[in-house]
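A structural walkthrough
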Amino acid sequence: MKTARTLRTLILGLALTLTAGAALAAPPMAAALNPAPRDPALAPVFKQFGEKPGLVSLVNDFMDNLMADPVTRPFFANANRDHIKKELVDQFCVILDGPCTYTGLNMQQAHQGLNITEADFNALVVDLQKAMDKHGIPFTAQNQLLAKLAPMHRDVDTK
Ligand code: HEM
């Protein structure tokens with residue numbers, strides 16, 4: 001009986017130590033946002049983007065802009081750009097209620113350790129806007145996609 005109690009105290013003590021240690025070592029991160037929140041209200045906007053072929057073409061130009069931009073280029077120069085483009089197309093497609101599935105990482109996982117600042121984030125948004133302008137996407141449609149991406153700065157900005 002005494003042994004059982006001692007054992008229980010030891011286990012409880014160990015559990016408390018481990019929990020306290022983990023809390024000290026890594027403060028809990030805020031839960032990641034849904035990286036591809038589908039919005040059925042955006043189905044008409046999906047059409048304005050030219051559906052999936054339009055998104056593929058848009059994301060090609062978007063990545064060209066990111067590589068031409070001295071602020072964003074260093075982040076993408078050594079990355080798997082074809083992979084990122086595929087994930088971006090699926091992500092935008094799902095957000096705009098297209099017939100796609102996003103199987104990529106959440107935005108916290110995808111950008112951790114990259115030391116992305118608010119200025120870097122804003123530069124990427126401008127590069128996306130330039131690509132959307134080039135594709136003749138109406139301003140209101142552009143803003144509807146951007147409104148879904150803007151809150152993601154919380155998970156993307158790590159510096
Ligand atoms: C709303 C803004 C953003 C969105 C929606 C977004 C989306 C994505 C997606 C879907 C991926 C691929 C995830 C996967 O591999 O499964 C990715 C990766 C990546 N993103 Fe972003 N991103 C954003 C902002 C940024 C910014 C501001 C930068 C830097 C200027 C950046 C740099 C990168 C890099 C370098 C990778 C590849 C990381 C690796 O190789 O593991 N992203 N992003």
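To keep things clear, this report deals only with the structure shown in the data block. Sequence order sets the numbering: in each chain, residues are counted from 1 along the sequence as written. Given that this is a predicted model, residues contribute local features only at a pLDDT of at least 70 and side-chain atom pairs are listed and counted only at 80 or more, while totals for whole chains, interfaces and linings are drawn from all residues.

**Quick word on the site of the ligand**
In this analysis a residue is considered near a molecule or strand if the C-beta atom, reconstructed from its backbone, is found within 6 Å of that molecule or strand. Near the ligand you find 22 residues, and of these E87, G104, L105, A110 and L149 are the closest. The set of elements that each furnish at least two residues to the shell around the ligand consists of α4 (73–76), α5 (81–95), α6 (107–111) and α7 (118–134). In this description a helix means any DSSP run of H or I spanning at least four residues, a strand means any run of E spanning at least two, and both kinds are numbered starting from the N terminus. Examining the composition of the shell around the ligand, we find that 5 residues originate from one element, α5, more than from any other. Among the residues making up the shell around the ligand, the classes are represented as 14 nonpolar, 6 polar and 2 charged. Three residue categories are used. Nonpolar comprises Ala, Val, Leu, Ile, Met, Phe, Trp, Tyr, Cys and Pro, charged comprises Asp, Glu, Lys and Arg, and polar comprises the others, including Gly.

**Some thoughts on the packing of helix α3 (residues 51–68) against α7**
Two quantities define a packed helix pair, namely the angle between the axes and the distance from one axis to the other. Between α3 and α7, the least distance of the axes is 8 Å, while the angle of their chain directions is 135°. Compared by their axis directions, α3 and α7 come out oblique. Helix-helix and strand crossings are classified by hand; for α3 and α7 the assignment is right-handed. Residue-level contacts link L58, D61, F62, N65 and L66 of α3 to L124, D127, L128, K130, A131, M132 and K134 of α7. Under this scheme, a helix contributes an axis fitted over its contacting stretch, all axes are lines through C-alpha atoms, and angles between N-to-C directions fall in the 0 to 180 degree range. Orientation labels follow simple angle bins: below 35 degrees gives roughly parallel, above 145 gives roughly antiparallel, 65 to 115 gives roughly perpendicular, and whatever is left gives oblique. For any pair of crossing helices, the crossing counts as left-handed if the nearer helix is rotated counterclockwise from the farther one by less than a right angle, and right-handed if it is rotated clockwise. We call two residues in contact when their backbone-placed C-beta atoms lie within 7 Å.

**Quick look at α5**
Between its terminal C-alpha atoms α5 stretches 21 Å, which fits the 21 Å expected from 15 residues at 1.5 Å a residue. For α5, every residue scored as buried is listed here: V89, D90, Q91, F92, C93, V94 and I95. Summarising the contacts, the buried residues of α5 are in contact with α3 and α8 (139–149). What a helix should span is 1.5 Å times the count of its residues minus one. Exposure criterion: with C-beta atoms placed from backbone coordinates, a residue whose C-beta has 20 or more other C-beta atoms within 10 Å is buried, one with 12 or fewer is exposed, and one in between is partly exposed.

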